[in-house]
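The lines below spell out each chain.
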Amino acid sequence: MLAREVRILFRKEWRQLVRSRGAMLTALLLPIILLVIVPGLQMLGMKTGAAKPVNLPPGVTLPPGMRELVDDPVAMMRAMMVPFIALGGLIVPSVTASYILITERESRTLELLVALPVRVGQILLAKLLALLALASLVTLVLFSVDAVLILGLGIGSPGYVLALLAVLLTSLTFSTTSALLVSLLARDFRTANNINGLLIGPTILVCFVVTLVVPGPYLSSLLLAALFAVGSGAATFVAMKVVTFERLLR
Amino acid sequence: MPGAGCKAGPAWYVRREWEDGRLAPNEHVPLEVSSVTKVYPGGVQALDQVSFRISPGERACLLGPNGAGKTTLIRLLTGALRPSSGRVSLFGLGVEDPGFLQAKRRVGIVPQSPGMYRDLTVDDFLQLVRDLYGSGNIPEVVEAFGLAPFRTRRMAELSGGMQRRLSMAAALVSSPEVLLLDEPTVGLDPVATREVHTFLRKVMPGRTVLLCTHNLAEAEALCESAVILRQGKVLLHERIATLRQRIQPVLVLRATQGPERLAEALTGQGLAFTHEAEAVLVHVADAAAQAPGLLRHLLGAGLDVYECRVVTPSLEDLFLDVVGANDARA
């Protein structure tokens, strides 16, 4: 059960997020492209007969994650959905966190909150929850479109959809916790964006490497989900170590 | 409790009759700082073994040169920072105590020139404040602080003076017993400063107040005691009236014959005096008793004395005396 103060602060954060066109636009635009438009068009393309078996030259060997492609052209779609879903989960929180935390610091409005009868941890928790709520709402709604397409077009099984959902949820958690950490470390928007770039760039690379190296989308999804879960734990641990109000108020 | 012992008038304008700082049974000191040391990450020591307590009904100002640790102390009192050692408490409860928020609800805090939300209106913010305090009358403070025409305006769109009024209105929504004011007039023009002083004069009586300020005239006009900090240490905590007794009043004398002739006539009277431009400043223990005799002596010596007035030491003089002129950039 959340403390009364956290619920009140959450409502404030949510109201501010919904009123912020910039935050809403960035929270919606990229995920729509990554989670709906790109995979949706590919899936529809697959089913219009454009997909053909891969004709490999003799002696060329595909990486483990792509081997199914020789027998089943839809396997490529299934494999590539994994990093796309992960990207969708990674991007929303990192962008929104910059707004929700760093704007408050840059505009010195945190001083107003500190003056009220709330604890520092409650302020941060309300922000974190608002961040998670927006990111989950956006990505889960968009993911449901993917799920309908995957199941409706026969591209994957319900188990495959669940594996993708695990990737989405863990990537969301990882991105939220690391975004919190970045927002605590960065002094301004530019630094936050730079650190986010440094963090998300290699993460995206890891997603594609896992997709290529690990055989089958089930296994690659589960491995990525596990990696994101470990990353979330690490980011939370470090954030708890560095989270002091001195850092937020400086 | 808010509202106890109030006379007629709005809730935020409560007046209470305190018993000269004495505590009732089971009553805790509103603000207490005990042996507090604060060292920031990086090793910067802001406070060193600071101790003082503000009694119920006391109106104290927190003075000190830049870097003395005033803002750190206010942040410790609000619970935003935690001391490296020692204890800070509101009504006997420290930030680590489960009931700390209950104690904080009895304190209204006006932060030092805070930022204003671009996406919240005045009403949104006051509603948030009331929800967090759990009580309060928004229409009353809106009316009292002249915010009625601005209720639907975004906070960041208010002028500096109106923003400061909003901060004070927010601090008074729940009619708290204690007010913590962190430089409430810094950065305001003279008109807005005067407005803030007028509001403060209305709301301070009957409340326990700690006013952190750089403006010594403001502190003198609004407070009755002073806590002076320097280099993270409390130099003193005394009533301003008691502090005044530390410095003798000065008798300012001017004569048409000039300060040199005045000085000549004063020599041999057993008084310490100094020159300042065209005047001679005579340090006297009891101006009312000594001035008439001195004036008669000077007139008898043929001097045309056209000015003879007593100057009592201001808080600025007291501050300079305590802190030392070299550090007195308060």
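This one's a predicted model, so the numbers in the text were calculated from it and none came from an experiment.

Colleague: Any chance you could explain the overall build of chain A here in plain terms?
Modeller: Check the secondary structure of chain A and you find nine helices and zero strands. Its helices and strands in sequence order give chain A the pattern α-α-α-α-α-α-α-α-α, from N to C terminus. For chain A, the spread of C-alpha atoms along the principal axes amounts to about 70 × 35 × 30 Å. Split into buried and exposed, the 250 residues of chain A put 51% on the buried side. A separation threshold of at least 6 residues defines the contact pool for chain A, and within that pool the share at least 24 residues apart is 81%. For chain A, the exposed surface amounts to about 11000 Å²; the carbon and sulfur share of it is 73%. Separation between the mean location of the 20 positive side-chain charges and that of the 11 negative ones in chain A comes to 6 Å.

Colleague: Sorry if this is basic, but what is going on with empty space enclosed by the protein here?
Modeller: If a probe as big as a water molecule is rolled over the atoms, it shows which places are left empty. Applying the stated criterion across every chain, the model contains three cavities of 30 Å³ or more. Approximately 70 Å³ is the volume attributed to the largest cavity. Every residue along the wall of the largest cavity is listed here: Leu112, Ala115 and Leu116 of chain A together with Ile109, Pro111, Phe125, Val129, Tyr133, Ser167, Ala170 and Ala171 of chain B. For the lining of the largest cavity, the secondary-structure elements that each account for two or more residues are α3 (122-133) and α5 (160-172) of chain B.

Colleague: How should I be thinking about the layout of surface pockets in this particular structure?
Modeller: Residue and element names in this part refer to chain B. Estimates place the volume of the second largest pocket at around 290 Å³. Considering the residues around the second largest pocket, the lining is formed by 17 residues, among which Val250, Glu276, Leu281, Val311 and Asp317 are closest to the centre. At the level of elements, β11 (250-255), β12 (272-276), β13 (279-283), β14 (305-311) and α11 (315-323) are the ones that each hand at least two residues to the lining of the second largest pocket. Classifying every residue of the lining of the second largest pocket gives eight nonpolar, four polar and five charged.

Colleague: Looking at this model, I keep getting lost on the domain arrangement of chain B. Mind explaining?
Modeller: Accessible area lost during the coming together of the parts is what is often quoted as the interface size. Domain assignment breaks chain B into domain 1 (11-244) and domain 2 (250-312). Each of domain 1 of chain B and domain 2 of chain B was reduced to a C-alpha centroid, and the two centroids are 44 Å apart.

Colleague: Looking at this structure, I do not really get the confidence of the model for chain B. What am I missing?
Modeller: As a general rule, the predicted coordinates of low-pLDDT regions are not to be interpreted in detail. Residue and element names in this part refer to chain B. Residues of chain B with pLDDT of at least 70 account for 90%, and the chain-wide mean is 84. Here α11 stands out as the least confident element of chain B, with mean pLDDT 74; α3 is the most confident, with 96. Throughout residues 1-9 the model reports pLDDT below 50, and contacts reaching past four residues in sequence, or to other chains, amount to 16 contacts. Predicted confidence is poor over residues 12-19, with pLDDT under 50, and the contacts of this stretch with residues over four places away or in other chains come to 37 contacts.

Colleague: Explain the UniProt feature "transmembrane region" (unreviewed entry) in chain A here, please?
Modeller: Residue and element names in this part refer to chain A. Here, the residues flagged by UniProt with the feature "transmembrane region" (unreviewed entry) are residues 21-41, 80-102, 123-155, 161-186, 198-216 and 222-243. This span, residues 80-102, is 100% helix and 0% strand, and a straight line between its end C-alpha atoms measures 34 Å. As annotated, residues 161-186 has a helix share of 96% and a strand share of 0%, and its two end C-alpha atoms lie 36 Å apart.

Colleague: Please explain the pairing of strand β2 (residues 45-54) of chain B as it appears in this structure.
Modeller: Looking down a regular strand, the side chains alternate between one sheet face and the other. Residues and elements named next belong to chain B. By the bridge criterion, six bridges tie strand β1 (residues 31-39) to β2 in an arrangement that is antiparallel. Considered in β2, the bridge of Val33 is made with Phe52. What sits between the antiparallel neighbours β1 and β2 is a turn of five residues, in which Gly42 has the positive phi angle 105 degrees.

Colleague: Just to check I follow, could you spell out the packing of helix α3 (residues 74-106) of chain A against helix α6 (residues 158-185) of chain A for this structure?
Modeller: Describing two packed helices takes the angle between their axes plus the distance from one axis to the other. Residues and elements named next belong to chain A. Look at α3 against α6: their axes get within 7 Å of each other, and the N-to-C directions meet at 25 degrees. The angle between α3 and α6 falls in the class roughly parallel. Crossing of α3 against α6: the hand is right-handed. Taken together, the residues of the contact of α3 with α6 break down into 19 nonpolar, seven polar and two charged.

Colleague: In this structure, what is going on with a nonpolar patch on the surface? I would like to understand it.
Modeller: All names here are of chain A. Taken together, the side chains of Leu25, Leu28, Leu29, Leu30, Ile32, Ile33, Ile37 and Leu41 make up a nonpolar region of the molecular surface, amounting to roughly 690 Å² of accessible area. Along the chain, the position of Ile33 falls in helix α2 (residues 21-50). Residue Ile33 is classed as partly exposed on the basis of its relative accessible area of 35%.

Colleague: Sorry if this is basic, but what is going on with the UniProt feature "domain: ABC-2 type transporter transmembrane" (unreviewed entry) in chain A here?
Modeller: In this structure's numbering, the residues bearing the UniProt feature "domain: ABC-2 type transporter transmembrane" (unreviewed entry) are residues 78-217 of chain A. Secondary structure content for residues 78-217 of chain A is 86% helix and 0% strand, while the C-alpha to C-alpha distance between its ends is 6 Å.

Colleague: I tried to follow unusual backbone geometry on my own but got confused; where do I start?
Modeller: Leave glycine aside and you will find that most residues have negative phi; peptide bonds, for their part, are mostly trans. All names here are of chain B. Backbone geometry places Gln49, a non-glycine residue, at a positive phi of 55 degrees. As for its placement among the helices and strands, Gln49 is situated in strand β2. One non-glycine residue, Ala277, adopts positive backbone phi at about 55 degrees. The residue Ala277 is located in the loop between β12 and β13 in this model.

Colleague: Can you help me understand the interface of chain A and chain B in this one?
Modeller: Contact with chain A, which involves 29 residues of that partner, is made by 39 residues of chain B. Between chain A and chain B, the buried area comes to about 2900 Å², and carbon and sulfur atoms account for 58% of it. One can count four salt bridges joining chain A with chain B. For Asp124 of chain B, the salt bridge goes to Arg15 of chain A, with nearest N and O atoms at 3.3 Å. Between chain A and chain B we count 15 residue pairs in polar contact (both at pLDDT 80 or more) in total.

How each quantity is defined
Residues numbered from 1 in each chain as written. Chains lettered and ligands numbered in written order. Predicted model: local features only at pLDDT ≥ 70, side-chain atom pairs only at ≥ 80, totals over all residues. Heavy atoms only, no water. Helix = DSSP H or I, 4+ residues; strand = E, 2+ residues; numbered from the N terminus. Buried < 20%, exposed > 50% of the residue type's maximum accessible area, 1.4 Å probe, protein only. Contact = heavy atoms within 4.5 Å. Areas by Shrake-Rupley, 256 points an atom, 1.4 Å probe, with all protein chains shown as cover. Lys, Arg positive; Asp, Glu negative; His and termini not counted. Charge placed at Lys NZ, Arg CZ, Asp CG, Glu CD. 1 Å grid on protein atoms, 1.4 Å probe; cavity = no way out; pocket = protein on both sides within 12 Å on 5 of 7 lines; lining within 4 Å. Points joined across faces, edges and corners; volume = space filled by probe spheres on them. Nonpolar A, V, L, I, M, F, W, Y, C, P; charged D, E, K, R; others polar. Domains from an automatic or database assignment. pLDDT = per-residue confidence, 0-100. UniProt positions renumbered as here; feature names shortened; annotations may be inferred. Pairing = 2+ DSSP bridges. Axes fitted to C-alpha atoms, helices over the stretch in contact; angles between N-to-C directions. Parallel < 35°, antiparallel > 145°, perpendicular 65-115°, else oblique. Left-handed = near helix turned anticlockwise from the far one by under 90°. Patch = residues over 30% accessible without salt bridge, like charges linked within 9 Å, V, L, I, M, F, W, Y side chains within 5 Å. Salt bridge = Lys/Arg side-chain N within 4 Å of Asp/Glu carboxyl O. Buried area = accessible area lost by both parts, 1.4 Å probe. Polar contact = N/O pair within 3.5 Å; in protein donor to acceptor, adjacent residues only side chain to side chain.

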